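# Chain and residue survey
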Amino acid sequence: MALRKILTQGDEQLLKRSRKVEKFDARLHTLIDDMRETLENSGGVGLAAPQVGVLRRVVVLLDVNQEPEEMVELVNPEVVEQSGEQRIVEGCLSVPGVYGYVTRPTWAKIRAQDRDGNWFEREGEGIVAQCFCHETEHLDGHLFTEKVEEYVDIEELQREDGEEGEPE
């Protein structure tokens, strides 16, 4: 496994649509393993392959609603159902230091394949639903900044809420 460089806003790769994964082979497994390590090292909650310069429909994310947290691998993911609405502060590893309010569903169901090509569905609430939507948008060449309703100063927000850490 290896850490991969996370591309930042301004890199054209982030604005391109990713291609469907057709081969479920050792090369894909290496990409997923590298993405897992990169995400673990970053302190973020989710990472899409375009963020590490690979235009393939692959996402890794932390299901923080599980105890203990569970790393989820999604190949060719698509959000198939969603409901509710939450206005939440969001950030992105590819847009460091920038945070803003976006509206996301409170619940979402995603359909994806695992690293071996087997189809499955998974549901998520709260931050996991948010992450499903955020990361799949990366696969279509979109950044969360396109959805920001109001930018926030994260340090000011943390002082008001008495929280530490950064949202993803």
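Now for a look at the structure at hand. (Residues numbered from 1 in each chain as written. Predicted model: local features only at pLDDT ≥ 70, side-chain atom pairs only at ≥ 80, totals over all residues. Heavy atoms only, no water.)

### Regarding unusual backbone geometry
Rules: In this text, helices come from DSSP runs of H or I with a minimum length of four residues, and strands from runs of E with a minimum of two, each type numbered from the N-terminal end. For every residue, the accessible area (1.4 Å probe, protein chains only) is compared with the maximum for its type, and the residue is labelled buried under 20%, exposed over 50%, or partly exposed between those bounds.
A cis geometry characterises the amide bond from Glu 67 onward to Pro 68, with omega recorded as 0 degrees. Here Pro 68 is to be found in the loop between strand 2 (58-63) and strand 3 (70-83). Positive phi, normally seen in glycine, also occurs at Asn 76, with a value near 55 degrees. If you trace the backbone, Asn 76 turns up in strand 3. When its relative accessible area of 6% is taken as the criterion, Asn 76 is described as buried.

### Brief notes about the sheet that holds strand 5 (residues 95-104)
To keep things clear, this is the line we draw: Pairing between strands is defined by DSSP: at least two bridges between them are needed. Convention adopted: a line fitted to C-alpha atoms gives each axis, helices being fitted over their contacting stretch, and angles between N-to-C directions are expressed from 0 to 180 degrees. Note on contacts: a residue pair is in contact if any heavy atoms of the two residues lie within 4.5 Å.
Across the sheet, which stays open at both edges, the 3 strands sit in the order 4-5-8 with antiparallel pairing between neighbours. Pairing within the sheet leaves two strands with one partner each, and these edge strands are strand 4 (86-92) and strand 8 (150-152). Averaged over all pairs of adjacent strands, the angle between their axes in this sheet comes to 30 degrees, without regard to strand direction. Bridging between strand 4 and strand 5 involves 6 bridges; their strand directions are antiparallel. The partner of Glu 90 across the bridge, within strand 5, is Gly 100. Along the sheet, helix 2 (residues 127-139) contacts strand 4 and strand 5; its crossing angle with strand 4, the most-contacted strand, is approximately 50 degrees.

### A look at the pattern of salt bridges
Short version of the rule: A side-chain nitrogen of Lys or Arg and a carboxyl oxygen of Asp or Glu constitute a salt bridge if their distance falls within 4 Å.
Scanning the entire structure with this criterion turns up 15 salt bridges. Its salt-bridge partner being Arg 115, residue Glu 73 comes within 2.9 Å of it at the nearest N-O pair. One end of the pair, Glu 73, is in strand 3; the other, Arg 115, is in the loop between strand 6 (107-113) and strand 7 (119-125), with 42 residues separating them in the sequence. Here Glu 73 and Arg 115 have matching classes, each one buried.

### As for the nonpolar core
For clarity, the cut-off: Working definition of a nonpolar core: buried Ala, Val, Leu, Ile, Met, Phe, Trp, Tyr and Cys residues. They are joined through side-chain atoms within 4.5 Å.
Within the largest apolar cluster, 31 residues are counted, with the highest numbers of intra-cluster contacts made by Met 35, Leu 47, Val 58 and Leu 74. Elements with a contribution of two residues or more to this core: helix 1 (26-42), strand 1 (46-48), strand 2, strand 3, strand 6 and helix 2. Counting 8 residues, the second-largest nonpolar core is a separate cluster that includes Leu 14, Cys 92, Val 102 and Val 148.

### A closer look at the environment of Lys 16
Relative to the elements of secondary structure, Lys 16 occurs in the segment before helix 1. Residue Lys 16 is classed as partly exposed on the basis of its relative accessible area, which comes to 39%. Taking C-alpha positions, Lys 16 is 25 Å from Asn 41, a pair spaced 25 residues apart along the chain. Residue contacts for Lys 16: discarding those within four places in its chain leaves Leu 55, His 138, Leu 139, Asp 140 and Gly 141.

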